[in-house]
Amino acid sequence: MTKPEAGNKTDEARRRAGRWKMLAVVAVCAAPLIASYLTYYVIKPQSRTNYGALIDPRQYPIPPLGSSALDGAPAKLADYKGKWIMLQVDRGDCAEDCRKKLLTMRQLRLMQGKEMERIERVWLVTDNAPVETMLLREYDGTDILRADAARLKAWLPVDAGTSAEDHIYLIDPLGNLMMRFPKDPDPNKMKKDISKLLRASSIG
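Described in the following lines is the structure provided in the data block. (Residues numbered from 1 in each chain as written. Predicted model: local features only at pLDDT ≥ 70, side-chain atom pairs only at ≥ 80, totals over all residues. Heavy atoms only, no water.)

**Section: the overall build of the chain**
So, step 1. Within the chain, the regular secondary structure consists of five helices and seven strands.
So, step 2. Counting helices and strands in the order they occur from the N terminus, the chain gives α-β-β-β-α-β-α-β-α-β-β-α.
So, step 3. Counting the 204 residues in the chain, one finds 36% classified as buried.
So, step 4. For the chain, long-range pairs separated by at least 24 residues make up 64% of all intrachain contacts whose partners lie at least 6 apart in sequence.
So, step 5. Element-wise, carbon and sulfur atoms account for 56% of the exposed surface of the chain, whose accessible area totals about 11,800 Å². (Helix = DSSP H or I, 4+ residues; strand = E, 2+ residues; numbered from the N terminus. Buried < 20%, exposed > 50% of the residue type's maximum accessible area, 1.4 Å probe, protein only. Contact = heavy atoms within 4.5 Å. Areas by Shrake-Rupley, 256 points an atom, 1.4 Å probe, with all protein chains shown as cover.)

**Digging into the packing of helix α2 (residues 96–111) against helix α5 (residues 187–200)**
Any two packed helices are characterised by the angle at which their axes cross and by the distance between the axes.
So, step 1. Interaxial distance between α2 and α5 falls to 10 Å at its minimum, and their mutual angle equals 50°. The orientation of α2 with respect to α5, classified from their angle, is oblique. Note that α2 runs across α5; the crossing there is right-handed. Contact residues: α2 offers T104, L108 and M111, while α5 offers P187, M190, K191 and I194.
So, step 2. Here the contact of α2 with α5 is composed, by residue class, of five nonpolar, one polar and one charged. (Axes fitted to C-alpha atoms, helices over the stretch in contact; angles between N-to-C directions. Parallel < 35°, antiparallel > 145°, perpendicular 65-115°, else oblique. Left-handed = near helix turned anticlockwise from the far one by under 90°. Nonpolar A, V, L, I, M, F, W, Y, C, P; charged D, E, K, R; others polar.)

**Quick look at the nonpolar core**
So, step 1. One finds L102, W123, L170 and I194 to be the most contacted residues of the largest nonpolar core, which totals 23 residues.
So, step 2. Of all the elements in the fold, those that place two or more residues in this core are β3 (84–90), α2, β4 (119–125), β6 (168–171), β7 (177–181) and α5.
So, step 3. Sequence-distant contacts of I194, that is, excluding residues within four places in its chain, are made with M86, L108, Q112, I119, L170 and F181.
So, step 4. L87, L124, L156 and I171 belong to the second-largest nonpolar core, a separate cluster that totals 20 residues. (Core = buried A, V, L, I, M, F, W, Y, C linked by side-chain atoms within 4.5 Å.)

**What about unusual backbone geometry?**
So, step 1. With a phi angle near 45°, C94 is a residue other than glycine that sits in the positive phi range.
So, step 2. Unusually for a residue other than glycine, D184 sits at a positive phi of about 50°.
So, step 3. In this fold, D184 is placed in the loop between β7 and α5.

**Digging into the pairing of β6**
So, step 1. Going residue by residue along β6, you find I168 and L170 tucked away on one face and Y169 and I171 tucked away on the opposite face as well.
So, step 2. In terms of strand pairing, β3 meets β6 through four bridges, oriented antiparallel. What sits directly across from L87, in β6, is Y169.
So, step 3. Pairing of β6 with β7, which is carried by four bridges, proceeds in the antiparallel orientation. By the bridge assignment for β7, I168 is matched with F181.
So, step 4. Hairpin connection of β6 to β7: five residues between the antiparallel strands, including G175 at a positive phi of 85°. (Pairing = 2+ DSSP bridges.)

**Description of the pairing of β3**
So, step 1. Of all seven residues making up β3, seven are buried, and the element is well covered by its neighbours.
So, step 2. Burial along β3 is two-sided: the face carrying W84, M86, Q88 and D90 and the face carrying I85, L87 and V89 are both buried.
So, step 3. Two strands pair when backbone bridges link them, and β3 and β4 are joined in this way by seven bridges, in the parallel orientation. Bridging from a neighbouring strand, D90 pairs with V125 of β4.
So, step 4. With α2 bridging β3 and its parallel neighbour β4, the resulting β-α-β unit is right-handed. (Right-handed = clockwise from strand over helix to strand, strands pointing away.)

Next up, the structure:
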């Protein structure tokens with residue numbers, strides 16, 4: 001075997017070893033979240049139920065949404081990876097139902113006590129209507145992005161007879177859309193679901 005051939009084989013062996021190491025790191029990082037899902041949603045006692053509807057993230061991967069911050073700067077949901085996201089969708093004029101969702105998300109985050117820093121609140125605005133300054137102040141801490149309404153409609157699953165504007169969604173720290181809460185939800189039942197997920201997962 002010539003020296004160049006030996007060198008090529010050595011380089012290839014190093015690349016293979018590097019790939020295996022990278023896969024091992026990814027597996028170790030993802031394992032706690034996967035284990036928590038299996039424990040809570042698959043290997044669970046019959047008496048344990050969840051209030052929100054579980055979503056198979058493989059069927060609803062987050063697509064490019066053409067989203068941006070209110071000032072026009074690029075912003076996307078992937079920027080929040082590593083955090084749990086409570087997500088709502090609505091128009092910029094934010095009527096009563098929209099404000100109710102904003103309040104619900106704010107209160108749910110506060111209810112988590114010392115765990116609340118693990119949660120982000122995101123409102124995806126579906127039009128170009130201005131958002132009231134007083135609303136921005138009242139719900140300071142809610143990140144507001146504008147996103148393409150058609151892409152959101154094609155992505156977010158809904159209950160029969162409802163639209164995405166009727167729901168609050170939950171995205172896990174790995175960027176998976178994984179839960180949908182019903183229209184006019186019970187905040188106490190939502191809190192139980194979120195608290196259980198936070199306890200079960202060491203990620204985010």
